[in-house]
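# Fold and contact review
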There are 4 protein chains.
Amino acid sequence: MTNTQLTLVQIDNYGPWTVTPEPRREMDLQTLQSRLFADLAQFVGSRDGYVFFTRFDNMVAVTNGLDRDDHELLQESIANRYPVTLSLGIGVDRNPAVALERATDVVQRAGSAQDHERREVLSGETLPMEDRADSDVQIAHFDVNDATGKYTDRLNEFDTFIQIEQGYASLMRHLREEHGALSFFVGGDNIISITPDLTASQYRAAIDHVEGEAGVELKVGVGTASNAHEAGFAAKHALEDCRHRGTIVEFADAPLAADD
Amino acid sequence: MTNTQLTLVQIDNYGPWTVTPEPRREMDLQTLQSRLFADLAQFVGSRDGYVFFTRFDNMVAVTNGLDRDDHELLQESIANRYPVTLSLGIGVDRNPAVALERATDVVQRAGSAQDHERREVLSGETLPMEDRADSDVQIAHFDVNDATGKYTDRLNEFDTFIQIEQGYASLMRHLREEHGALSFFVGGDNIISITPDLTASQYRAAIDHVEGEAGVELKVGVGTASNAHEAGFAAKHALEDCRHRGTIVEFADAPLAADD
Amino acid sequence: MTNTQLTLVQIDNYGPWTVTPEPRREMDLQTLQSRLFADLAQFVGSRDGYVFFTRFDNMVAVTNGLDRDDHELLQESIANRYPVTLSLGIGVDRNPAVALERATDVVQRAGSAQDHERREVLSGETLPMEDRADSDVQIAHFDVNDATGKYTDRLNEFDTFIQIEQGYASLMRHLREEHGALSFFVGGDNIISITPDLTASQYRAAIDHVEGEAGVELKVGVGTASNAHEAGFAAKHALEDCRHRGTIVEFADAPLAADD
Amino acid sequence: MTNTQLTLVQIDNYGPWTVTPEPRREMDLQTLQSRLFADLAQFVGSRDGYVFFTRFDNMVAVTNGLDRDDHELLQESIANRYPVTLSLGIGVDRNPAVALERATDVVQRAGSAQDHERREVLSGETLPMEDRADSDVQIAHFDVNDATGKYTDRLNEFDTFIQIEQGYASLMRHLREEHGALSFFVGGDNIISITPDLTASQYRAAIDHVEGEAGVELKVGVGTASNAHEAGFAAKHALEDCRHRGTIVEFADAPLAADD
């Protein structure tokens, strides 16, 4: 059974900071946001976790394998090198949406995102080492079938982008409402979801739903491990299997639950 | 009248590169993509343009003010510092969607995004200096009314994110289909659109449409100038006017077309 | 005749900032310093200037081609993205050491490097566009003969490093005292000097001096142009000529002054 | 007794790469070198090690606390994100210079730094966890007495820089020849040395030597711990003690060997 540890990363007082004393050059904000995310990706990624840029001022990380000291070090390092600080809330649950609920809650209880006195919250429970298992993290890596042939090489870039976005919006809502899974667009035509234990037929149903609602055809590779990196890497390899075998759902290992 | 110069930035052969000889660590790809975007934001931004991360392997830039030599230097600098190269297509038109059509077209005609022999295309027309005018670029900066109070401080981050995404998906489709305007989520609760000359009532109609379709309330500041930075900066200030006056549409200067 | 425009880049109040309220992690300081330098290298370099990391809290840039607005934008962009700010002093003179004297002086007169109230000085004269000429900047690019064979592949890295440092220390003093030229180690076995108009025999004398004092054998390529990038690029090509022809002094073009 | 684990970090085939097919823009090389160093500083620093930029194509790291898997991950991550690759040699010894000898040797035996076929060497022994002790790493953090008052606020920046360099060159040679200690300039007026167990009188002798040879007055804080970060942090605090007490040598704890 999955047991997801999620961390909400929230920049303290960011909205006000971006316009005080005057609005700042937009491209400088874009640069700061992207490089902050990149640093998080390196810190968390090198500890076998995943981070998603989400809204940039609020980011979601899968942190199975990172303890409280790791979170504290991350906070300190960012405070030493950026003109902003981070609040971090950690939550654990068998269901990703509930885990994120917990992570968000501990930050919200400490104060508003725009409370100028709330700085560097570090709160919540991490999954103890002795409770970790190879089934803790399930990751599904989706991509669009023949995106290059159907879209990138044929439409103008914005119309391709609209297609990908519609597919993403549909998948993100369906997986969240049906299963409490959290889905993130990661570039190109790729979406990565953090899921509870889902079966092959549940993935097929999600794919059918997106095709029906948005007209976008997806395929998916699924992996499970004690941490996001290994689960995600297995999912990428499973996605390559889809490519080679012409299938639309592949698991790196046999799925945990029965499928039809 | 607007006269938008857009550049499509496409990483050459990226899909194959990410899985050759084996899939690469996802967090390293996220880091590379974000830092590449950040470098483009600095290069283009310091020349008063704008860049949007879009799909990261394909990015859209508003490049009024950048000439062919600037594009060539950008390409060379990226090739010197990254393990990938860029193809750049430039297009100019009074309508942003048509300009992007042109920019995408010159890259597509040179070869597929996954053609391993196609590298560093640099093609298309820039807007000559003598033809530039203060009305060339119109930028609309949208944000969500009281996002912090309604969403960030109340819902878990993913449900807040879903709300913002639905609002974005609705706005991007409406503005593209109605006006050929191109809209980009830029973090937080902010969306920046590159538009042709639109009136206050056309913006109000867009805002009403999004509220009806997605239940998300937007407000907008609009600016016009010869380049993206100045137009966008004026738009940000106009958005602050919305905040102070409690209005939902503000223009930095009087709108060019009649409104009601 | 050379006419060098130099900019002193000084981080405001850096010493106190690094230990307030407590000393900061050394590797975070190294990261901040290096990335700040890298951003300066991109900003100045894309405008055909050169920057040298020097002491990191104080850096020297050759800014022929950058005007006051460019300097102001650089200052603003750094202030938007880093937890520190920069003071910039600009000086112009036919002799590089005198130009730097001027650049340093305008910053010093505004206040101490550790005066916590002195922030973002921007002062000094730039070389007007109409006064620029192809002879303004002379750059000499030195490297150590067969560094890889003699040192890198034979000694432990620190002993190789000591050799390179002794050669650098000797060259930097000699060229400064004899000619007012400013020399900077730029990595590997490379030293770049900003010089007034020097002749081939003056370069040979410098090379002989370093061999005698430090036992390190150098060769040099020299280039001249209206800006650092073009002068330096020509110098690099001239250095390649040394490699191919087995010579120790090569000019990209005929030297301006007589040689023997 | 100290037991230093050092890693030599060498960019593969860098010299040839920088000029193939043509020389590359110098500021792009500076950017790549600095950002590569910054990434190493973050990776190693967040694992409580230290990295020194040294010659940028060859860097020295104190890696007590990093095992072979850490080194492998670092190599992989750099290869995923840069146009160059790294060879890593690891060495352990009670004397830092000997440890570096070992680290350099395993890389040299695999092939020349400019052997285009030698890529990504990973070789050498790490200090086993069970053999680690709180006395493994001794770090001395030197700075120049009143550098701001004597130099930065009075001389032009290059003449200040020459002073600092002469002091560094003198200290680096003395400590290497007398004790096998390795010293690195880290910016500002700061030098960090990795030493074997040295006494207060040995540090005083080094300071006297530098004053006599170069006319530069240093003070030093010394710390010892099982890893570079903790030893260095203790050294920084000891240096603050020098500042407050007006002394020139301070140890974070009582020195291990007798002093006079």
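What counts as what
Residues numbered from 1 in each chain as written. Chains lettered and ligands numbered in written order. Predicted model: local features only at pLDDT ≥ 70, side-chain atom pairs only at ≥ 80, totals over all residues. Heavy atoms only, no water. Helix = DSSP H or I, 4+ residues; strand = E, 2+ residues; numbered from the N terminus. Contact = heavy atoms within 4.5 Å. Polar contact = N/O pair within 3.5 Å; in protein donor to acceptor, adjacent residues only side chain to side chain. Salt bridge = Lys/Arg side-chain N within 4 Å of Asp/Glu carboxyl O. Buried < 20%, exposed > 50% of the residue type's maximum accessible area, 1.4 Å probe, protein only. Domains from an automatic or database assignment. Buried area = accessible area lost by both parts, 1.4 Å probe. Nonpolar A, V, L, I, M, F, W, Y, C, P; charged D, E, K, R; others polar. Pairing = 2+ DSSP bridges. Axes fitted to C-alpha atoms, helices over the stretch in contact; angles between N-to-C directions. Least-squares fit on C-alpha atoms with pLDDT ≥ 70 in both.

Now for the environment of D:Asp134. All names here are of chain D. Residue placement: Asp134 occurs in the loop between strand 5 (122–124) and strand 6 (137–144). Between the C-alpha atom of Asp134 and that of Phe37, which follows or precedes it by 97 residues, the distance is 27 Å. Non-local contacts of Asp134, meaning those with residues more than four positions away in its chain, are made with Thr224, Ala225 and Ser226.

In this section: the side chain of B:Arg81. Relative to the assigned elements, B:Arg81 resides in helix 3 (residues 68–81). A distance of 2.9 Å separates polar atoms of two side chains, one belonging to B:Arg81 and the other to B:Asp39. Those residues in contact with B:Arg81 that lie beyond four places of it in its chain are B:Asp39, C:Gln42, D:Asp28, D:Thr31, D:Leu32, D:Arg35 and D:Pro83.

Take the pattern of salt bridges next. Applying the stated criterion across every chain, the model contains 76 salt bridges over all chains. Between B:Glu26 and A:Lys236 there is a salt bridge whose closest N-O contact spans 2.7 Å. Of this pair, B:Glu26 sits in helix 2 (residues 26–45) while A:Lys236 sits in helix 8 (residues 228–245), which puts the two residues in different chains. Given the relative accessible area of 4%, B:Glu26 is considered buried. The shortest N-O distance in the salt bridge between D:Asp241 and D:Arg245 comes to 3.9 Å. With D:Asp241 and D:Arg245 both in helix 8 (residues 228–245), this residue pair falls four residues apart, about one helical turn. Here the salt bridges share partners, and the residues they tie into one network are A:Asp28, A:Arg35, B:Asp39, B:Arg81, C:Asp39, C:Arg81, D:Asp28 and D:Arg35.

On to the domain arrangement of chain A, then. Residues and elements named next belong to chain A. Along its sequence, chain A is carved into domain 1 (4–131) and domain 2 (137–257). Spacing between the C-alpha centres of domain 1 and domain 2 amounts to 25 Å. Across the boundary between the two partners, domain 1 contributes 16 residues, which contact 20 residues of domain 2. Between domain 1 and domain 2 the total buried area reaches about 1,400 Å² when both faces are included, carbon and sulfur atoms providing 74% of it. Its largest share of buried area at the contact with domain 2, domain 1 owes to Asp48, Tyr50 and Phe52, together 41% of the area lost on that side. Across the domain 1-domain 2 interface, the total number found is zero salt bridges. For the side of domain 1 that touches domain 2, the elements supplying multiple residues, two or more each, are strand 1 (4–11), strand 2 (50–52), strand 3 (58–62) and helix 4 (96–110). If you tally residues by element for the side of domain 1 that touches domain 2, the top one is helix 4, at three residues. Of the residues contributing to the side of domain 1 that touches domain 2, the split by class is nine nonpolar, five polar and two charged.

At the junction of the two partners, chain D supplies 79 residues and chain C supplies 79 residues. When the two sides are added together, the surface that chain D and chain C hide from each other amounts to roughly 6,400 Å², 57% of it contributed by carbon and sulfur. Inspection of the chain D/chain C interface yields ten salt bridges. For the pair chain D and chain C, the number of links is 36 residue pairs in polar contact (both at pLDDT 80 or more). The biggest single contributor to the side of chain D that touches chain C is helix 2 (residues 26–45) of chain D, with 15 residues. By residue class, the composition of the side of chain D that touches chain C is 32 nonpolar, 26 polar and 21 charged.

All names here are of chain B. The five strands are arranged 2-3-1-4-5 in an open sheet whose pairing can be described as mixed. Of all the strands in the sheet, just strand 2 (50–52) and strand 5 (122–124) have a single pairing partner and so form its edges. Across the sheet, the axes of successive neighbouring strands diverge by a mean angle of 20°, strand direction being ignored. Relative to strand 4 (residues 86–93), strand 1 (residues 4–11) is paired through eight bridges, and the arrangement is antiparallel. Across the sheet, residue Val9 finds its bridge partner in strand 4, namely Leu88. Along the sheet, helix 2 contacts strand 1, strand 2, strand 3 (58–62) and strand 4; its crossing angle with strand 2, the most-contacted strand, is approximately 165°.

Expressed as a screw operation, the relation of chain D to chain A combines 0.0 Å of axial shift with a rotation of 180°, fitting to an RMSD of 0.0 Å. These values place the two chain copies in the arrangement generated by a two-fold rotation axis. For chain D, the minimum C-alpha distance to the rotation axis belongs to D:Phe43 and amounts to 3.8 Å. Here 100% of the contact residues of chain D are again contact residues in chain A; the copies associate through an equivalent surface.

Now for the relation of the copies chain D and chain C. In screw terms, the move from chain D to chain C is a rotation of 180° and a rise of 0.0 Å along the axis, fitting with an RMSD of 0.0 Å. Comparing interface residues between copies, 100% of those in chain D also lie at the interface in chain C; the contact surface is shared.

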